[in-house]
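Chain by chain, the residues:
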Amino acid sequence: MISLFQNNKTNKPVAKAVYSFDEQSGSKWVPLNKSFITLAKIILQSAAERMGVRHVAVTLRCITHQGYRHLLLVGDEPNVTSSALGLVEEFIISNDSSIAPTVELTSHLDTISVPMDYQGQRLGYLMATLPEADFIEQTVKHSPRVIESELHLVASELSSIITRYQTRYRAIFIYGDQSYWIGHSAALRQTDKRIEQLKDSPQPILIRGNKGTGKSIAARTLHCSRHQGILPFIESSCNEWQEGAATSILQSLYAYAKGGTLYLRNIDTLSDSNFRVLQRFWNSLKQEYASRRAEESVGIIFSVSARHYAREFEMAAWLKENTVELQLPDLAERREDLRDLVSFFIKEYTLAVNFDFTEHAWRLLESFTWRENVDQLKRVIQKVALVAEEPMVSVSLLEPLIKDW
């Protein structure tokens with residue numbers, strides 16, 4: 001990650017860039033870890049209940065390398081390099097059984113299956129095992145055609161989860177940070193699906209969310225869902241732009257982002273003159289996009305500083321006309337993820353004592369209003385890690401640290 005140029009007033013980088021890497025640096029795999037399996041089972045169970053079928057399972061081509069199992073995101077014929085890295089096999093995740101190749105699921109007479117593809121490559125198959133009795137007389141809801149259509153929707157949802165885990169890999173190994181979503185909540189899964197729907201949008205994406213909801217994560221996920229390889233992801237915060245420099249900044253950023261993504265954060269902080277430059281910039285791009293080759297195009301993503309940003313009507317109207325919105329949930333809308341987030345931060349920031357919370361302390365965490373969402377939660381856990389001397393953190397220790405905010 002490198003700075004493009006600096007703001008002379010603050011000495012902060014105006015933009016950060018990730019250039020093209022050697023092909024080997026880009027992950028073609030997604031780890032089949034406990035978190036991924038749990039999330040897949042939630043999706044499959046929901047699908048089984050919705051369709052009224054006995055079982056829903058997905059077979060996934062995977063590779064075992066150095067004791068770890070990963071999804072193998074390659075074509076039907078694994079190449080020599082992949083085969084040399086480990087054993088290629090099929091792995092089955094079912095809504096109601098342990099993860100194992102199950103003959104019953106694949107050989108049942110009343111089974112409907114659809115292919116499971118990801119970014120144009122065959123990854124595996126989805127299967128639904130139908131009810132045994134009186135299948136023909138059941139409602140239209142359970143007809144083979146409807147079930148097949150539902151399975152394609154499930155495949156799309158699983159694909160969006162795979163993109164989430166690819167984004168996690170890139171955050172750790174390419175961007176060098178821990179910026180990725182954690183959790184299995186319905187709100188987070190809905191965000192994954194919305195990103196999957198927006199990935200091919202020709203219009204700029206406007207990400208709306210409050211502080212700490214993961215706007216940069218959403219932008220990276222959109223970038224990852226659009227590009228199989230490691231292409232430039234250029235990020236710049238508009239509140240650091242110098243007055244009168246918007247034209248040169250945008251031209252430089254766009255040139256560096258060739259073939260990848262340009263992400264402009266906090267565009268609601270632009271001055272009137274800089275905002276007019278941005279308008280002209282996008283209007284010129286619209287005329288050029290029709291004739292540009294895919295490898296020359298740049299995906300444009302904007303974000304605003306808050307879900308309900310304070311800005312005059314002109315900007316709001318322009319954004320509504322020229323962008324497609326992605327709205328991110330607050331932590332209050334995904335409270336099912338709080339325990340997973342806290343456990344992650346405990347592992348990340350524990351200094352001496354590996355601690356947990358009493359049940360009353362957990363209830364306090366879950367009932368608290370997190371105005372700055374995950375950012376605020378992370379800072380609280382950091383403070384607890386500094387003072388915790390016992391393996392169980394009580395309300396009496398936690399409450400003053402929370403109320404400091």
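All residue numbers refer to positions counted from 1 along the written sequence of the respective chain. It should be noted that, the model being predicted, local features are given only for residues of pLDDT at least 70 and side-chain atom pairs only at 80 or more, the latter also being counted only at that level, while totals for whole chains, interfaces and linings use all residues. In computing side-chain values, all of the structure's heavy atoms are included and hydrogens and water are not.

## Structural notes on the pairing of strand S9 (residues 205-208)
We count it as follows: The buried label goes to any residue with under 20% of its type's maximum accessible area, the exposed label to any with over 50%, and the partly exposed label to all in between, with areas taken from a 1.4 Å probe on protein chains only. Segments assigned H or I by DSSP are reported as helices when at least four residues long, segments assigned E as strands when at least two residues long, and all are numbered from the N terminus. Here the rule is simple: two strands pair whenever DSSP picks up at least two bridges between them.
Alternating positions in S9 separate into two faces, Ile205 and Ile207 on one and Leu206 and Arg208 on the other, with burial throughout. Inspection of the sheet shows S9 paired to strand S12 (residues 299-303) by 3 bridges, in the parallel sense. Residue pairing across strands places Ile207 opposite Ser303, the latter belonging to S12. Judged from the 4 bridges that link them, S9 and strand S13 (residues 324-327) form a sheet pairing that is parallel. Counterpart to Arg208 in the pairing with S13 is Gln327.

## Description of the nonpolar core
Rules: Grouping buried Ala, Val, Leu, Ile, Met, Phe, Trp, Tyr and Cys residues that are joined through side-chain atoms within 4.5 Å yields what is termed a nonpolar core.
Core analysis: the largest hydrophobic core is formed by 36 residues, its most contacted members being Phe36, Ile93 and Leu126. Contributing elements (two or more residues each) for this core: helix H1 (34-51), strand S4 (55-65), strand S6 (87-94), strand S7 (111-118), strand S8 (121-129) and helix H4 (144-173). A total of 9 residues in this core trace back to one element, the largest contributor, which is H1.

## Here's the deal with the packing of helix H10 (residues 338-349) against helix H11 (residues 359-367)
What describes two packed helices is the angle between their axes and the distance between those same axes. How we decide: In this description, a line fitted to the C-alpha atoms serves as the axis of each element, helices being fitted only across the stretch in contact, and the angle between N-to-C directions of two axes falls anywhere from 0 to 180 degrees. Here the angle decides the label: under 35 degrees means roughly parallel, over 145 means roughly antiparallel, 65 to 115 means roughly perpendicular, and every other value means oblique. In this scheme the handedness of a crossing depends on how the near helix is turned from the far one: anticlockwise by less than a right angle means left-handed, clockwise means right-handed. Contacts between residues were defined by any pair of non-hydrogen atoms, one from each residue, lying within 4.5 Å. Residues are sorted three ways: Asp, Glu, Lys and Arg are charged, Ala, Val, Leu, Ile, Met, Phe, Trp, Tyr, Cys and Pro are nonpolar, and all the rest, Gly among them, are polar.
Interaxial distance between H10 and H11 falls to 11 Å at its minimum, and their mutual angle equals 110°. Considering their axes alone, H10 and H11 lie roughly perpendicular with respect to each other. Crossing handedness for the pair H10 and H11: right-handed. Packed against H10, whose contacting residues are Leu338, Arg339 and Val342, the element H11 presents Glu359, Trp362, Leu365 and Glu366 at the interface. Classifying every residue of the contact of H10 with H11 by side-chain character gives 4 nonpolar, no polar and 3 charged.

Geometric descriptors of this kind do not, in isolation, establish any biological role.
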